[in-house]
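# What the coordinates show
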Amino acid sequence: MVWQGVLCYAAAMEQRFDTKTEAIRHAPWRRLMDRSLGRARSVPTMLSLEEQKLYHWLTAFWADGAGAIVDLGCFAGGSTARLAEGHRIAGLVSAIHAYDRFTADEDVKQSILYKQGLSPFEGNDILPLARDLLAPWGDAIHFHRGEIDQMSWEGGPIEILVMDASKAAETMDRMAEAFFPYLVPGRSLIVQQDFLHWSQPWVPVQMERMPVHFTPLAYAPRDTVVFLCTEAPDREALATARTAHLSDSELVAHLEVAARSFSDWGLEQRLRDMIDGLRANPGKRRAYQFRKP
Ligand SMILES: C[S@@+](CC[C@H](N)C(=O)[O-])C[C@H]1O[C@@H](n2cnc3c(N)ncnc32)[C@H](O)[C@@H]1O
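All values reported here derive from a predicted model rather than from experimental measurement. (Residues numbered from 1 in each chain as written. Predicted model: local features only at pLDDT ≥ 70, side-chain atom pairs only at ≥ 80, totals over all residues. Heavy atoms only, no water.)

## Side note on the site of the ligand
Around the ligand, the structure places 18 residues, and the nearest of them are T45, M46, G73, D100 and D149. The contact in question runs from a nitrogen atom of the ligand to an N or O atom on the backbone of G73, over 2.8 Å. For the ligand, a nitrogen atom lies 3.3 Å from a polar atom in the backbone of R101. Considering the ligand on its own, with 590 Å² of exposed area, one finds that the protein chains cover 91% of that surface. Here the shell around the ligand is composed, by residue class, of 7 nonpolar, 5 polar and 6 charged. (Near = heavy atom within 4 Å. Polar contact = N/O pair within 3.5 Å; in protein donor to acceptor, adjacent residues only side chain to side chain. Areas by Shrake-Rupley, 256 points an atom, 1.4 Å probe, with all protein chains shown as cover. Nonpolar A, V, L, I, M, F, W, Y, C, P; charged D, E, K, R; others polar.)

## Describing the packing of aromatic side chains
Here the structure, examined in full by the defined rule, presents 12 aromatic pairs. Ring geometry for F195 and F227: centres 5.4 Å apart, planes at 55 degrees, overall tilted. One end of the pair, F195, is in the loop between β5 (189–192) and α8 (202–208); the other, F227, is in strand β7 (residues 224–229), with 32 residues separating them in the sequence. In this structure, F195 and F227 share a single accessibility class: buried. Each member of the aromatic cluster is reached from another via a ring pair, and the members are F195, F227, F262 and W265. The positively charged end of R39 is found above the aromatic ring belonging to W137, 5.9 Å away from the centroid. It is K109 that lies over the ring of F121; its NZ or CZ is 4.4 Å from the centre. (Phe/Tyr/Trp six-rings, centres within 6.5 Å; stacked < 30°, edge-to-face > 60°. Helix = DSSP H or I, 4+ residues; strand = E, 2+ residues; numbered from the N terminus. Buried < 20%, exposed > 50% of the residue type's maximum accessible area, 1.4 Å probe, protein only. Lys NZ or Arg CZ within 6 Å of the ring centre and 35° of its normal.)

## Concerning the confidence of the model for the protein chain
Residues of the protein chain with pLDDT of at least 70 account for 95%, and the chain-wide mean is 95. Strand β1 (residues 68–72) holds the highest mean pLDDT among the elements of the protein chain, 99, whereas helix α1 (residues 4–13) holds the lowest, 48. (pLDDT = per-residue confidence, 0-100.)

Pasting the structure below:
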């Protein structure tokens, strides 16, 4: 049976897919027009245009209410807005959870928020701003302020988990322990926003250490790889997947494996660049400590 959501969408693309897993492998969001992002387009974001369309597609066409939509690292709400707009047009009733410490320094305000049209404002607190920008999607969005790695999740199954706050190996490990057990095998996706970012080598290493639990399905430039959960990781699997205690040479060995397994995706060099980045920054486990080789 043809999956209806994909059928509607595929009709516009003159393509048919039997399952949404097959559809996502063909990057259908690339066919979305910019205007399909709707009101979300006015919310400043650090995402590339293709990543924005991917987020929209995931909630508009992949999600079918198997669990919550969780955005770890929503900043001023840009990623959450793209998810929320897709969620709205799909008529989903699942909750959307936006996590962040919700602060921005003057440099970030200047380079992202003002550059994308917001008026200058006083102070570093951006929670009121995020609430304001996300108001069009109303009560669907729940805000969680604080250090995500010190929080727990009690919202039941998670259908789409966006990871955009994995800026340090140790905090990423803790986030995985708190959220990954709630993914639903065969239905849930992890969006690894920084999978290919040269200064965060622990991200692909974490995924490489859970091959039974996650299968890569899609890539959206610049840095995003989407994984299907094939088996929810238990406590033991999550302990094995920890990255913070690994030496540089252990991280490099895992990155070598990841580079080979993503060679068919044309991504081998991106992972090799990450190895170069790590070698130029020995012992560093926080993205902001990395200097370009
Ligand atoms: C790259 S930005 C996210 C961009 C956002 N998704 C967008 O669409 O513009 C990363 C965000 O993660 C947040 N972050 C990183 N580590 C965090 C932590 N441990 N706890 C809470 N927030 C964190 C930062 O405050 C920042 O807003």
